[in-house]
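Okay, here's what each chain looks like letter by letter:
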Amino acid sequence: MLGRVPLFPQKPSLTFAPMFVVLDSLSQPMKAMSPLEELRHSTAHVLATAVLRLFPEAKLDIGPPTDSGFYYDFDLDHRFSAEDLQALEKEMKKVVKERQPFERIETSRDEAETFFQEAGQPYKISRLGDIPEDEAVTFYRNGEFTDLCAGTHVPHTGHIKAFKLLSIAGAYHRGDEKNKQLQRIYGTAFPNKKELADYLERLEEAKKRDHRRVGREQKLFTIDEEVGQGMVLWMPNGAVIRQELQNFIMDELFKQNYEQVFTPHVGKLGLYRTSGHFPYYRDSQYPPLVEPDALESMAHEGCSCSDLTNRLNEGDVDGFLLKPMNCPMHIRIYASQPHSYRDLPVRMFEFGTVYRWEQSGELNGMTRVRGFTQDDAHLFCTEDQLKDEIEGCLDLVKTVFRTLGMSDYRVRIGLRDPDSTKYTGPSENWDKAEQALRELARDLDVPYTEEPGEAAFYGPKIDFVVKDVIGREWQLGTVQVDYNLPERFALEYIGSDNKPHRPVMIHRAPFGSMERFVGVLIEHFAGDFPLWLAPEQVRILPLSDKLVPYGQKLLQKLRSRKFRATLDSHDEKLGAKIRRGRLDKIPYLLIVGGREEEAEEVSVRSRAHGEMGTLPFAQLLSQLEEERETRFYRAAQTDEPNNAKK
RNA sequence: GCCCUUGUAGCUCAGUAGGUAGAGCACGUCCUUGGUAAGGACGAGGUCACCGGUUCAAAUCCGGUCAAGGGCUCCA
């Protein structure tokens, strides 16, 4: 299919490259490109040059640098294949060899538009319209390829020494799914071949700690077609981790005077009409469950599907909803009895399972699922208590991250979009809440960004965001202020003035969802969990069959002290058992031979510290207990037997 | 939901030009009783995702469905 002769475009063609203007429509000043961005951006131009040589009819959109490389979007009837990428790389190498200088040309808006018309590049015309009136219109030219571009670029294409095209993906023009879907080619470039090779190797390494892979290897969870997409089945090993995390957070919640509640998985539609979740968010909910009698009588009347939908929306027919959120039920608990200002704040928590109809293309292992359990809580407080309560929530999140040794996260403050009117609640309250969030974020000692327009419609929020092994960002912990639901449910407390007042609500979840958090945690630890979390904490390795009875005696003792321990009674040599134990990432391997049996000792090999020599068993037990109780964490050594072998 | 790719044993993968399947690891049995990252022998294990079509013959070619992966869009 690539038998076609590489053609040079008959007509000039342009690329509008200044992504910063296009993507950040907020009128920020143009950021200067770093040398690496410049290199990658130039490589994107070289890609476009090559594409036009091989596919002169291609329509070009934009080709900016990204965090890890660059991409370029094309509109073309021919579908790019893996072979095409190879051919394009080859062509790009030619362009590089030609050492084409990048030339900056300033032009007028009219000239540029004429140029696009002649080149038959409609996306460019559209992009041209994005350039602010007071900004110059500039082209960059390399060889036969001319591109609308704000720059900047390396001096000539010969500077591009190490690049690789990585993948093809669909991407909507201007990121809008109503627009045509273009073909995006992703690639990356580095100053030299070594750095490129290192990057590609890091990508490979990262895949080894992918939670989907580790989850399978360590039997933590599975997702089964017959159960449903996006439905996580926690296997025994995964259940241990989840339970330990829940125990951990419950210890902290006890210190902060939270109270636990339990609520059902379904609730009446009316409840969610009051809260506003139904039908407003219907697209991301499981369809409602309709009462059998109602369904039957509607069938008799010959109602269509859309009739049913309308009646459900209008509230003419009642039904139940698999709960998309826990808050309405917690609110009903609050509302079940009168509250004095002396009772506040009320802090109610639940590991509450919710269900959301995520788009099938969005599902991802444990990090994006259709049913998940939030470590949810709702705080009902007075306006005066708000700041302290938020602070308490943030402390909780910090404790979680610190205990688990997670330091690589960022904080996002979601604020109102100043131009929008979709927000509920008095704006003075918003001002106060936003100000409080800002001040508290400042004290967190963590990089944070303020993002206008990222607030929920009911209140501002603070999110904790971490990256997975592939660099995708996931929101974990969140603290959200809510002025809306107390209003909708007409919540009250009696103030010191003996009059009813409206409480403020805080939604918060330090882990976010157990599924997503554990998914991220698996990658954080690369499956190498600290003692308190490890599904199998200790494994006893008898030197031979003869030592199995002694091993069993130790096993009994460990289990009576509530350690998750096993005995490896396989008929293998010690070396093989150790190897297996290391691969299974068991924190402690206890080797027992005749010498140890005589002295009531064990030879200890720890995942974190390697060989620790021989210890009296009783002493080891208390050391392990201390490590477990303090939830001690220390990064393990990273030797991998697989690598060692090669 | 949309675009592209993929779908062979529990896992990682072979399977040449269509002729009803192989390897390594894991697993089981036996031999071996071994001191800090793989001892040996034998064995069991697969409706080649599913449905349909072409063909004398389909893991292999074609169509559809489902699922997974990478993006895009979305995420109360």
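Note that the structure is predicted; figures quoted are calculated from it, not measured.

Take the overall build of chain A next. Summing up its helical and strand segments, chain A has 21 helices and 27 strands in all. Principal axes of the C-alpha set define a box for chain A whose edges measure 85 × 75 × 60 Å. In chain A, which comprises 646 residues, the share counted as buried stands at 51%. Taking as baseline every contact in chain A between residues at least 6 positions apart, the subset at least 24 positions apart corresponds to 73%. As displayed, chain A has an accessible area near 31,600 Å², and 49% of this comes from carbon and sulfur atoms.

Quick look at empty space enclosed by the protein now. Per the stated rule, a full pass over the model turns up 3 cavities of 30 Å³ or more. Of the pockets and cavities examined, the largest cavity occupies roughly 40 Å³. Along its surface, the largest cavity is lined by Ser275, His277, Met325, Phe457, Tyr458, Asp482, Asn484 and Leu485. Broken down by class, the residue content of the lining of the largest cavity amounts to 4 nonpolar, 3 polar and 1 charged.

This next bit is on the packing of aromatic side chains. In total, this model carries 21 aromatic pairs according to the counting rule given. Ring centres of Tyr286 and Tyr355 lie 6.4 Å apart, and the angle between their planes is 90°; on these two criteria the pair is classed as edge-to-face. A residue pair is termed long-range when its members are at least 10 positions apart, and Tyr286 in the loop between helix 9 (269–275) and strand 12 (289–290) and Tyr355 in strand 14 (residues 346–355) qualify at 69 residues. With a relative accessible area of 16%, Tyr286 lands in the buried category. Geometrically, the ring pair formed by Tyr334 and Phe380 is stacked, given 4.4 Å between the ring centres and 20° between the ring planes. Here Tyr334, found in helix 12 (residues 327–335), pairs with Phe380, found in strand 15 (residues 371–381); they are 46 residues apart in sequence, far enough to count as distant. Assigned by exposure class, Tyr334 and Phe380 land together as buried. Among the aromatic side chains, those forming a connected cluster through ring pairs are Phe55, Tyr72, Phe74 and Phe80. Of note, Arg40 hangs over the ring of Phe190, and the distance from its end group to the ring centre comes to 4.8 Å.

Across chain A, pLDDT averages 88, with 93% of residues at or above 70. The low-confidence segment residues 1–30, where pLDDT is below 50, has 85 contacts with residues more than four positions distant or belonging to other chains. Every residue in residues 636–646 scores below 50 in pLDDT, and together they form 15 contacts with partners more than four places removed in sequence or on other chains.

Ordered in space as 10-14-15-22-19-18-16-17, the 8 strands form an open sheet in which the pairing is mixed. Strands with a single pairing partner mark the edges of an open sheet, and in this sheet they are strand 10 (259–260) and strand 17 (448–452). Looking at chain direction, strand 10 and strand 14 are connected through 2 bridges and run parallel. Residue pairing across strands places Glu259 opposite Met348, the latter belonging to strand 14.

Leu245, Phe401, Leu404 and Phe517 are the most contacted members of the largest nonpolar core, which totals 64 residues. Leu60, Ile160, Leu165 and Ala189 belong to the second largest nonpolar core, which has 32 residues in total.

The tally for this structure, following the rule as stated, stands at 43 salt bridges. We note a salt bridge from Glu205 to Lys208, for which the minimum N-O separation is 3.2 Å. Placement of the pair is Glu205 and Lys208 together in helix 6 (residues 193–208), with a separation of 3 residues, close to one helical turn. Taking the relative accessible area as the measure of exposure, Lys208 reaches 39% and is therefore partly exposed. Shared partners join several salt bridges into a network, and the residues in it are Arg53, Glu91, Lys94, Glu98 and Glu144.

Rules used in this analysis
Residues numbered from 1 in each chain as written. Chains lettered and ligands numbered in written order. Predicted model: local features only at pLDDT ≥ 70, side-chain atom pairs only at ≥ 80, totals over all residues. Heavy atoms only, no water. Helix = DSSP H or I, 4+ residues; strand = E, 2+ residues; numbered from the N terminus. Buried < 20%, exposed > 50% of the residue type's maximum accessible area, 1.4 Å probe, protein only. Contact = heavy atoms within 4.5 Å. Areas by Shrake-Rupley, 256 points an atom, 1.4 Å probe, with all protein chains shown as cover. 1 Å grid on protein atoms, 1.4 Å probe; cavity = no way out; pocket = protein on both sides within 12 Å on 5 of 7 lines; lining within 4 Å. Points joined across faces, edges and corners; volume = space filled by probe spheres on them. Nonpolar A, V, L, I, M, F, W, Y, C, P; charged D, E, K, R; others polar. Phe/Tyr/Trp six-rings, centres within 6.5 Å; stacked < 30°, edge-to-face > 60°. Lys NZ or Arg CZ within 6 Å of the ring centre and 35° of its normal. pLDDT = per-residue confidence, 0-100. Pairing = 2+ DSSP bridges. Core = buried A, V, L, I, M, F, W, Y, C linked by side-chain atoms within 4.5 Å. Salt bridge = Lys/Arg side-chain N within 4 Å of Asp/Glu carboxyl O.

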